[in-house]
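Observations on the three-dimensional arrangement
Listed here are the chains, written in short residue letters.
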Amino acid sequence: MPTNAPTDTPTETPTDTPTDTPTRTHRTDIQLRFNDTDALGHINNTAYALYAEQGRVDFLDTFRSEGVYLILAHISLDFLRQVRFRDSVYVLTRIAKIGTTSVTLEQEVYGNDEVSARVRSVVVMFDYEAQKPTPISDAVRGQLEAYVQG
């Protein structure tokens, strides 16, 4: 059964993308719960958003500063195949784009090592004290850049 321990995995970049360094992805293993299923034993569509959230939070927690957080502004999901209760599930997370105050993430939810859903989300660096978005610091930007998809 999968654990919730995250791992960072270098992946090969597409052959049509000229680069010297591979893009890193962040892996989060998902523990399926019986209540994630529908009457037919399939994982319910709403569970995919929770799996994406778990992968996103697991990944982004390492970049957070005191009092400043990356919060969700947008999410979209494309369902590609069914996942069943006993399948092995994990989420791979990488960065598509880093903006001034936001980060666009791409995620894939895998069931038994097959892509089952694609997720795209935008998170915004948010200062709760000031109640507004805040620029991503150079230090955090430097850490995030290793995960930018080529």
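By convention here, each chain's residues receive numbers from 1 onward along its written sequence. Totals for whole chains, interfaces and linings use every residue, but because this is a predicted model, local features are given only for residues with pLDDT of at least 70 and side-chain atom pairs only at 80 or more, for both listing and counting. Hydrogens are left out, water is left out, and the side-chain values use all remaining heavy atoms of the structure.

Positionally, Tyr-69 belongs in strand 3 (residues 68-79). Remark: the alpha-carbon pair of Tyr-69 and Val-124, spanning 55 residues in sequence, is separated by 7.9 Å. Pairs of residues are marked as contacts when any of their non-hydrogen atoms sit within 4.5 Å. Each residue touching Tyr-69, except ones within four places of it in the same chain, is listed here: Arg-64, Val-124, Met-125, Phe-126 and Tyr-128. Secondary structure follows DSSP: runs of H or I at least 4 residues long count as helices, runs of E at least 2 residues long count as strands, and numbering of each begins at the N terminus.

Okay, the confidence of the model for the protein next. Per-residue confidence from the prediction method is given by pLDDT, with values spanning 0 to 100. Predicted confidence across the protein gives a mean pLDDT of 85, with 83% of residues reaching 70 or more. Note on residues 1-6: pLDDT is under 50 here. Beyond four places in sequence and across chains, it has 18 contacts. In this model, residues 9-20 is a region of pLDDT below 50 whose contacts with residues beyond four sequence positions or in other chains number 16 contacts.

One fewer than the residue count of a helix, multiplied by 1.5 Å, yields its expected span. When the terminal C-alpha atoms of helix 1 (residues 45-60) are compared, their 23 Å separation across 16 residues agrees well with the 22 Å that a helix rising 1.5 Å per residue should span. Exposure classes here rest on a 1.4 Å probe applied to the protein chains alone. A residue is buried below 20% of its type maximum, exposed above 50%, and partly exposed in between. Of all the residues in helix 1, the buried ones are Ala-47, Tyr-48, Tyr-51, Ala-52, Gly-55, Arg-56, Phe-59 and Leu-60. Nitrogen and oxygen atoms within 3.5 Å of one another constitute a polar contact, given that in protein one can donate a hydrogen and the other can accept it, and given that sequence-neighbouring residues count only through two side-chain atoms. The opening residue of helix 1 is Asn-44, an N-cap whose side-chain oxygen sits 2.9 Å from the backbone nitrogen of Thr-46.

Pairing of aromatic side chains requires ring centres within 6.5 Å, counting the rings of Phe and Tyr and the six-membered ring of Trp. Pairs whose planes differ by under 30 degrees are stacked, by over 60 edge-to-face, and all others tilted. This model, assessed by the stated rule, comprises seven aromatic pairs. With a centroid separation of 5.5 Å and 65 degrees between ring planes, the pair formed by Tyr-69 and Tyr-128 is classed as edge-to-face. Of the two residues, Tyr-69 is situated in strand 3 and Tyr-128 in the loop between strand 6 (114-127) and strand 7 (132-133); the sequence distance between them amounts to 59 residues. You can call Tyr-128 partly exposed: its relative accessible area is 41%.

Let's shift gears to the side chain of Asp-87. Relative to the elements of secondary structure, Asp-87 occurs in the loop between strand 3 and strand 4 (89-98). By the counting rule applied here, Lys and Arg register as positive and Asp and Glu as negative, while His and the ends of each chain are not counted. Salt bridge, as used here: a side-chain nitrogen of Lys or Arg that lies within 4 Å of a carboxyl oxygen of Asp or Glu. Salt bridges are absent for the buried Asp-87, whose nearest opposite-charge side chain, Arg-81, sits at 4.7 Å. Of note is the side chain of Asp-87, whose polar atom sits 2.9 Å from the backbone nitrogen of Arg-84. The residues touching Asp-87, leaving out its near neighbours within four places in the chain, are Leu-32 and Asn-112.

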